[in-house]
Amino acid sequence: MIKIDHIQKQFEKNEVLKDINGEVNKGEVVCIIGPSGSGKSTLLRCINQLETPTSGAVWFNGKDLTKETAQQLSTLGESIGMVFQNFNLFPNLTVIENLTLAPIRVKKMSQTEAKKIGMKYLTRVGLAEKADAYPASLSGGQQQRVAIARALSMNPEVMLFDEPTSALDPEMVGEVLQVMQELADEKMTMIVVTHEMGFAKKVADQVWFMDGGYLLEKDTPKEIFDHPKEERTKDFINKIIVD
């Protein structure tokens, strides 16, 4: 479904991504791990074209996103859901208004249809009773679950998660990971940048280890965590606790 082909990204003289290659098949969960500053989030942003790669290509269902027009990207973008670290909910809109905004504006849905779909996904993440609440009244974990429901309301083919639990209090992490686990069980294609190694070990089909702008190693969770081949991967794994 997604092919990353020799992606390189440079900000002025700072080379953040160095010749990244990888493939994600339909229904797979790929977890990207590695130290802070290794380029993980930038790679995710290049996949959905929030950042334009300096060179290389990102293929999505056979189309090179780096060659598409803004209009074509907008249409394709509906197929790629994104969940950010800091929720990015509109504070002046209720929860259900946050969920219906894009379906109405982008997909030209009626208010009634958008609300029906929004309520379906709010129920899905266990927050139907919060439909008329404002984001400020919700806990961090609830806000992130709303953000996931909002992305799902566009009926995407793939979901990208950029460290979705790193801004949460520890006791709220589980409720967000539970929703993501359920999505994985339903064979939603997902790429997850995460520090939650237990989640990566349990849920991922592939784990990609990045450091210093390089994708140094990619394999099954068992191989990455139990038999890492690269010294840098070994160092990283040895310094973290994996359940």
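The following refers to the structure shown. Just so we're clear, the structure is a prediction, and the values are computed from it rather than from any experiment.

**Quick look at the overall build of the protein**
- Scanning the protein for helices and strands turns up nine helices and ten strands.
- For the protein, whose C-alpha radius of gyration is 18 Å, the value lies close to the compact-globule estimate of 18 Å for 243 residues.
- Over its C-alpha atoms, taken along the principal directions, the protein stretches across nearly 55 × 45 × 30 Å.
- Out of the 243 residues belonging to the protein, those deemed buried represent 53%.
- If you take every contact in the protein between residues at least 6 apart in sequence, the share linking residues at least 24 apart comes to 67%.
- Total accessible area on the protein is roughly 11500 Å²; 49% of this is exposed by carbon and sulfur atoms.

**Regarding helix α5 (residues 140–152)**
- In this model, α5 (13 residues) spans 18 Å end to end at C-alpha, consistent with the 18 Å of a helix rising 1.5 Å per residue.
- For α5, a buried count of 13 out of 13 residues is recorded, marking the element as mostly surrounded by other parts of the structure.

**Considering the sheet that holds strand β10 (residues 214–219)**
- Spatially, the six strands line up as an open sheet ordered β6-β7-β8-β3-β9-β10, and their pairing is mixed. With one partner strand each, in any of the chains shown, β6 (80–83) and β10 form the two edges of the open sheet. Strand-to-strand twist of the sheet, defined as the mean angle between neighbouring strand axes without regard to direction, takes the value 15°.
- Where α5 meets the sheet, its contacts fall on β6 and β7 (158–162), and the angle it forms with β6 comes to roughly 170°.

**Here's the deal with the packing of α5 against helix α6 (residues 170–185)**
- Axis separation between α5 and α6 bottoms out at 8 Å; the angle between their running directions is 20°. On the basis of the axis angle, α5 is roughly parallel to α6. In terms of crossing hand, the pair formed by α5 and α6 is right-handed. In contact with Gly140, Gly141, Gln142, Gln144, Arg145, Ile148 and Leu152 of α5, α6 contributes Met172, Glu175, Val176, Val179, Met180 and Leu183.
- The residue makeup of the contact of α5 with α6, split by class, is seven nonpolar, four polar and two charged.

**Things to note about the pattern of salt bridges**
- Across all of its chains, the model carries twelve salt bridges by this definition.
- In this structure, Glu182 and Arg124 form a salt bridge, with 3.1 Å as the shortest nitrogen-oxygen distance. One end of the pair, Glu182, is in helix α6; the other, Arg124, is in helix α4 (residues 111–124), with 58 residues separating them in the sequence.
- For Glu182, a relative accessible area of 27% gives the class partly exposed.

**Topic: the pairing of strand β1 (residues 2–11)**
- Across seven bridges, the pairing between β1 and strand β2 (residues 14–24) is antiparallel. Pairing of Lys3 across the sheet is with Glu23, part of β2.
- Counting the residues in the hairpin turn of β1 and β2 gives two residues, including Glu12, whose phi is positive at 50°.
- Bridging between β1 and strand β4 (residues 55–60) involves five bridges; their strand directions are antiparallel. Bridge pairing in β4 places Ile2 opposite Phe60.

**Considerations on the sheet that holds strand β5 (residues 63–64)**
- Read from one edge to the other, the open sheet built from four strands follows the order β2-β1-β4-β5, with strand pairing classed as antiparallel. Strands with a single pairing partner mark the edges of an open sheet, and in this sheet they are β2 and β5.
- Relative to β5, β4 runs antiparallel, the two being bridged by two bridges. Within β5, the residue paired with Phe60 across the bridge is Lys63.

Rules and cut-offs
Residues numbered from 1 in each chain as written. Predicted model: local features only at pLDDT ≥ 70, side-chain atom pairs only at ≥ 80, totals over all residues. Heavy atoms only, no water. Helix = DSSP H or I, 4+ residues; strand = E, 2+ residues; numbered from the N terminus. Rg over C-alpha atoms; globule rule 2.2 N^0.38 Å. Buried < 20%, exposed > 50% of the residue type's maximum accessible area, 1.4 Å probe, protein only. Contact = heavy atoms within 4.5 Å. Areas by Shrake-Rupley, 256 points an atom, 1.4 Å probe, with all protein chains shown as cover. Expected span 1.5 Å × (residues − 1). Pairing = 2+ DSSP bridges. Axes fitted to C-alpha atoms, helices over the stretch in contact; angles between N-to-C directions. Parallel < 35°, antiparallel > 145°, perpendicular 65-115°, else oblique. Left-handed = near helix turned anticlockwise from the far one by under 90°. Nonpolar A, V, L, I, M, F, W, Y, C, P; charged D, E, K, R; others polar. Salt bridge = Lys/Arg side-chain N within 4 Å of Asp/Glu carboxyl O.

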